[in-house]
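Tertiary structure, described
Residues per chain are reported as follows:
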Amino acid sequence: EPEVTQTPSHQVTQMGQEVILRCVPISNHLYFYWYRQILGQKVEFLVSFYNNEISEKSEIFDDQFSVERPDGSNFTLKIRSTKLEDSAMYFCASRLSGKTYEQYFGPGTRLTVT
Amino acid sequence: GENVEQHPSTLSVQEGDSAVIKCTYSDSASNYFPWYKQELGKRPQLIIDIRSNVGEKKDQRIAVTLNKTAKHFSLHITETQPEDSAVYFCAASIWGADGLTFGKGTHLIIQP
């Protein structure tokens, strides 16, 4: 069964550094999402992406964040200048089409900012 | 924006008993309500979902009910088994196309 994949599984970075988290959505899916989950807390929506542009973003997704689909398979989340409070698990998710509602999550990247 | 409240935060049941987790939502425009199961250190996995045009949906031992008037929905797990132990999250979205708003999660513990 196809699954969303993410790399790396764990990323440690120093405050102020840029990080790029990578995701490979399920191959025929058209809608892509990033969520984050701070340890022990709920999953929070960051951004959705369709047809090579952002379709919705939350208040968390400020100018420090950006997303890109650099090729036909990858979907990336960049954090320009990391802060301690960016430490969290970041999940990528994908959805098949506008007629389907189900979102399938990747295994996550644990980001630790020191 | 949408706000989802989930109760209880922890639920402990005897193996074989039923478990019920409840969620309320604030935005009457929400029309899609999925439930995710998350085991420790793993990805959230979609276990069942319901759309606003349906009042109840069942899949083997799990079922979800939706009351649009009261703006609440519930997850029911019957004949609980040890492998049901996990954190369960409810979520809601408007139009089904936007990002999901999650509840805070329920830690379900199945006592042997």
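This text goes with the structure placed above it.
Keep in mind that this is a model prediction, so the values were computed, not measured. (Residues numbered from 1 in each chain as written. Chains lettered and ligands numbered in written order. Predicted model: local features only at pLDDT ≥ 70, side-chain atom pairs only at ≥ 80, totals over all residues. Heavy atoms only, no water.)

It is worth spelling out the overall build of chain A at this point. Scanning chain A from N- to C-terminus turns up zero helices and 11 strands. Starting at the N terminus and walking to the C terminus, you meet the elements of chain A as β-β-β-β-β-β-β-β-β-β-β. A globule of 114 residues ought to have a C-alpha radius of gyration of about 13 Å, and chain A, at 13 Å, matches this closely. Along the first, second and third principal axes, the C-alpha atoms of chain A reach 40 × 30 × 25 Å. A buried classification covers 44% of the 114 residues belonging to chain A. If you take every contact in chain A between residues at least 6 apart in sequence, the share linking residues at least 24 apart comes to 54%. When the accessible surface of chain A is split by element, carbon and sulfur atoms take 47% of a total near 5,800 Å². A gap of 1 Å separates the mean positions of the 11 positive and 14 negative side-chain charges of chain A. (Helix = DSSP H or I, 4+ residues; strand = E, 2+ residues; numbered from the N terminus. Rg over C-alpha atoms; globule rule 2.2 N^0.38 Å. Buried < 20%, exposed > 50% of the residue type's maximum accessible area, 1.4 Å probe, protein only. Contact = heavy atoms within 4.5 Å. Areas by Shrake-Rupley, 256 points an atom, 1.4 Å probe, with all protein chains shown as cover. Lys, Arg positive; Asp, Glu negative; His and termini not counted. Charge placed at Lys NZ, Arg CZ, Asp CG, Glu CD.)

So, about unusual backbone geometry. The step from threonine 7 of chain A to proline 8 of chain A runs through a cis peptide bond, and the omega angle for that step is -10°. By the element assignment, proline 8 of chain A lies in the loop between β1 (5-7) and β2 (10-13). Residues histidine 7 of chain B and proline 8 of chain B are joined by a peptide bond in cis, for which omega reads -5°. Relative to the helices and strands, proline 8 of chain B resides in the loop between β1 (4-7) and β2 (10-14).

Quick look at the interface of chain A and chain B now. On the chain B side, the residues contacting the 20 residues of chain A number 20 residues. Around 1,800 Å² of area is buried between chain A and chain B when both sides are counted, 52% of it from carbon and sulfur atoms. Of all residues in chain A, Lys42, Tyr101 and Phe105 of chain A give up the largest surface area on contact with chain B, accounting jointly for 38% of the area buried on that side. Seen at the junction of chain A and chain B, the total is one salt bridge. (Buried area = accessible area lost by both parts, 1.4 Å probe. Salt bridge = Lys/Arg side-chain N within 4 Å of Asp/Glu carboxyl O.)

This paragraph deals with the packing of aromatic side chains. What characterises a pair of aromatic rings is the spacing of the ring centres plus the angle enclosed by the ring planes. All names here are of chain A. Overall, the coordinates contain 19 aromatic pairs over all chains when judged by the stated rule. Both rings, one in tyrosine 35 and one in phenylalanine 45, keep their centres 5.7 Å apart while their planes meet at 65°; by these two values the pair is edge-to-face. Remark: phenylalanine 45 occurs in strand β5 (residues 43-50) and tyrosine 35 occurs in strand β4 (residues 31-37); sequence separation between them is 10 residues. By relative accessible area, tyrosine 35 is classed as buried at 0%. (Phe/Tyr/Trp six-rings, centres within 6.5 Å; stacked < 30°, edge-to-face > 60°.)

Let us look at the nonpolar core. If you look at the biggest cluster of nonpolar residues, it comprises 23 residues, and the most contacted ones within it are Phe33, Trp35, Phe73, Leu75, Ile77, Tyr88 and Leu108 of chain B. Every element with two or more residues in this core is listed here: β2, β3 (19-25), β4 (30-38), β5 (45-51), β7 (62-67), β8 (72-77), β9 (86-94) and β11 (106-111) of chain B. Formed by 21 residues, the second largest nonpolar core is a distinct cluster that contains Val4, Phe61, Ile79 and Val113 of chain A. (Core = buried A, V, L, I, M, F, W, Y, C linked by side-chain atoms within 4.5 Å.)

Residues and elements named next belong to chain B. One open sheet holds the five strands; their spatial order is β1-β3-β8-β7-β6, and the pairing between them is antiparallel. Two strands close off the open sheet at either side, each with one partner strand: β1 and β6 (56-59). Going from strand to strand, the sheet's axes swing by 15° on average, the running direction of each strand aside. For β3 and β8, the ladder comprises six bridges, and the chain directions are antiparallel. Across the sheet, residue threonine 24 finds its bridge partner in β8, namely histidine 72. (Pairing = 2+ DSSP bridges. Axes fitted to C-alpha atoms, helices over the stretch in contact; angles between N-to-C directions.)

We now examine the sheet that holds β1 of chain A. Strands belonging to one sheet form pairs held by backbone hydrogen bonds; the direction of such a pair is parallel or antiparallel. Residues and elements named next belong to chain A. The sheet built from four strands is open, its strands ordered β1-β3-β8-β7 with antiparallel pairing. At either margin of the open sheet sits one strand with a lone partner, and together these are β1 and β7 (65-68). For this sheet, the mean inter-axis angle between neighbouring strands, taken without regard to orientation, is 20°. Where β7 meets strand β8 (residues 75-79), four bridges bridge the pair, whose relative direction is antiparallel.

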